[in-house]
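Examination of the molecular architecture
Each chain, letter by letter, is given below.
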Amino acid sequence: MNKYIVIGSSIAGLAGIEILRRLDPESKIILVTVEKEIYSKCIMHFLAKGERERKLLSFVAEDFFLKNKVDCIMGKRAERIDKQLKKVILEDGESLDYDKLLLATGSHAFIPPIKGIKETKGVFAFHDLADCDAVLENVEEAKNIVILGAGLVGIDAADGLCAKGKSITIVDMKDHMMSIQLDKEAAKLYEDGFAKLGVKQIYEVSANEAISENGCIKELVLSDGRKLKCDMLIVASGVRANRELAETANLEMTKFGLKIDEHCRTSDDSIYAAGDITGRNMIWPYAAKEAKVAASNMTGNERIMDNYFNTKSTISMLGIPTMSYGTPEAPDDSYTVEIKRSADGRYLKAIHKDGKLYGAILQKDLHLSGVINQIVSYDMDLKQFEKPVLSLDYADLLVATGM
């Protein structure tokens, strides 16, 4: 009987467990996680807004672990891996044997080296549930909240807090909101929406210094010299892979995280990895896909990870549904850019070159999402179609694939 250990309880860990159990019904599966609850970080802002109960943050059924016959060790940290003996040593000294190990330890918030930030209280992240709890425990005392970063995490924080009656300002180095996912035109709809809710926004600046009074943050000095009143600073300016546990096993690393091959296998044949720990494509869909590939190979069912599309994001903030794929802007004039706009605010965009799709934005009209998903999933050659990308439908795909 095979013995698998999965470390980490976000989507990568649980998607891996589901495939392990499906492909190896008689195996022993142990989940080890420092978390005490199962939850989705993507919907924490609903808890902050008071629109969702804590238990409804879970993304699996209540009987998930029972159904998949998983031994759960929750609220306990894995401290070390002995790859020679194939053991995981926990923080209390307990030792667990494994045949195959899946590392899905995720990531942590990156706190930039801003002058004075380490010495002051009132600075928070918004990366996990503990961060969300800390923000909610302190928000009532705050009057002026500054959110550093206008990416997905930053706007989640803003959305969660904008009904609290506080002065909120978003600051970002880029020239528009969600610059990784959206172009300026698509972003403007969200920027205007937040502005109507009273959320101020400052772009193309960074934070230079946190000024404190009696040990608590009071002002944030920006790179252009402006000073913002700030008694709560939420840092949402990026994440870094949790690589410490992998480093105890001397596994090979990249600049960004744990190195894996196309089978999601690390430099040790018995250890696999998925999700943010790898430091590449740090988004929910690819974490799940990596986990499924890893788990398949752990059970001896060969599968490779392909189609590393840069990003894929689903955004449904302020009642504005948007899907974003790959790059939101053409890198240069050699790319073809298709755009469709309508009077009711619908905005569709596709970016392609030499028959390959490099990016797409679907805003307020997602009917093409299935078509784009198929093009991306099967890496389709767009030159085989006589129509523009934004005019394709399923019938065109069926003809092209011979189905």
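What comes next is a walk through the structure. (Residues numbered from 1 in each chain as written. Predicted model: local features only at pLDDT ≥ 70, side-chain atom pairs only at ≥ 80, totals over all residues. Heavy atoms only, no water.)

**Some thoughts on the sheet that holds strand β6 (residues 95-97)**
Definition in use: A pair of strands is considered paired only if DSSP assigns at least 2 bridges between the two. Strands here are runs of E lasting at least two residues and helices are runs of H or I lasting at least four, both read from the DSSP assignment and numbered beginning at the N terminus. Fitted lines through C-alpha atoms serve as axes, helices being fitted only where they are in contact, and the angles separating the N-to-C directions of these axes extend from 0 to 180 degrees.
Taken in spatial order, the three strands make up an open sheet running β4-β5-β6, and their pairing is antiparallel. Every other strand in the sheet has two partners, leaving β4 (78-82) and β6 as the edge strands with one partner each. Strand-to-strand twist across the sheet, computed as the mean angle between neighbouring axes with direction ignored, equals 25°. Here β4 pairs with strand β5 (residues 87-90) via four bridges, running antiparallel. The partner of D82 across the bridge, within β5, is K87.

**Details of unusual backbone geometry**
The cut-off we apply is this: Exposure classes here rest on a 1.4 Å probe applied to the protein chains alone. A residue is buried below 20% of its type maximum, exposed above 50%, and partly exposed in between.
With phi around 50°, K69 is a residue other than glycine that occupies positive phi space. Along the polypeptide, K69 turns up in the loop between α3 (64-67) and β3 (70-74). We classify K69 as partly exposed; its relative accessible area is 48%. The phi dihedral of N250 is positive, around 55°, even though this residue is not glycine. With respect to the secondary-structure elements, N250 resides in the loop between α7 (244-247) and β18 (271-273). Residue classification places N250 among the exposed positions, given a relative accessible area of 63%.

**Some words on the pattern of salt bridges**
Close approach of charged atoms lets side chains of opposite charge pair. Note the threshold: By definition here, a salt bridge exists when the distance from a side-chain nitrogen of Lys or Arg to a carboxyl oxygen of Asp or Glu is within 4 Å.
Under the definition given, this model contains 22 salt bridges. With a shortest N-O distance of 3.6 Å, K349 and E329 are connected by a salt bridge. Within this pair, whereas K349 is found in strand β22 (residues 347-353), its partner E329 is found in the loop between β20 (320-326) and β21 (336-341), the two being separated by 20 residues in sequence. Judged by its relative accessible area of 36%, E329 falls in the partly exposed class. The closest approach of N and O atoms between D344 and R346, which form a salt bridge, is 3.2 Å. On the basis of relative accessible area, D344 is assigned to the partly exposed category, the value being 44%. Ionic contacts of the salt-bridge type, sharing partners, join the residues E37, R54 and D133 into one network.

**A few points about the packing of aromatic side chains**
Using the following cut-off: Pairs were defined over the aromatic rings of Phe, Tyr and Trp, the Trp ring being its six-membered one, requiring ring centres within 6.5 Å. Orientation was assigned from the angle between planes: stacked under 30 degrees, edge-to-face over 60, tilted for the rest. Geometrically, a lysine NZ or arginine CZ counts as sitting over a ring once it is within 6 Å of the ring centre and also within 35 degrees of the ring normal.
Under the defined criterion, the tally for this structure stands at two aromatic pairs. Ring plane angle 85° and centroid distance 5.3 Å describe the contact between F64 and F65, whose orientation is recorded as edge-to-face. Of the two residues, F64 and F65, both sit in the buried class. With a centroid separation of 5.2 Å and an interplanar angle of 85°, the aromatic rings of Y335 and Y358 are classed as edge-to-face. You can see Y335 sitting in the loop between β20 and β21 and its partner Y358 sitting in strand β23 (residues 356-363), a full 23 residues away along the chain. Here Y335 falls in the buried class, since its relative accessible area comes to 17%. Above the plane of the ring of Y335 lies K353, whose end atom (NZ or CZ) is 4.8 Å from the centre. Lying over the aromatic face of Y358, K356 brings its terminal NZ or CZ to 5.9 Å of the ring centre.

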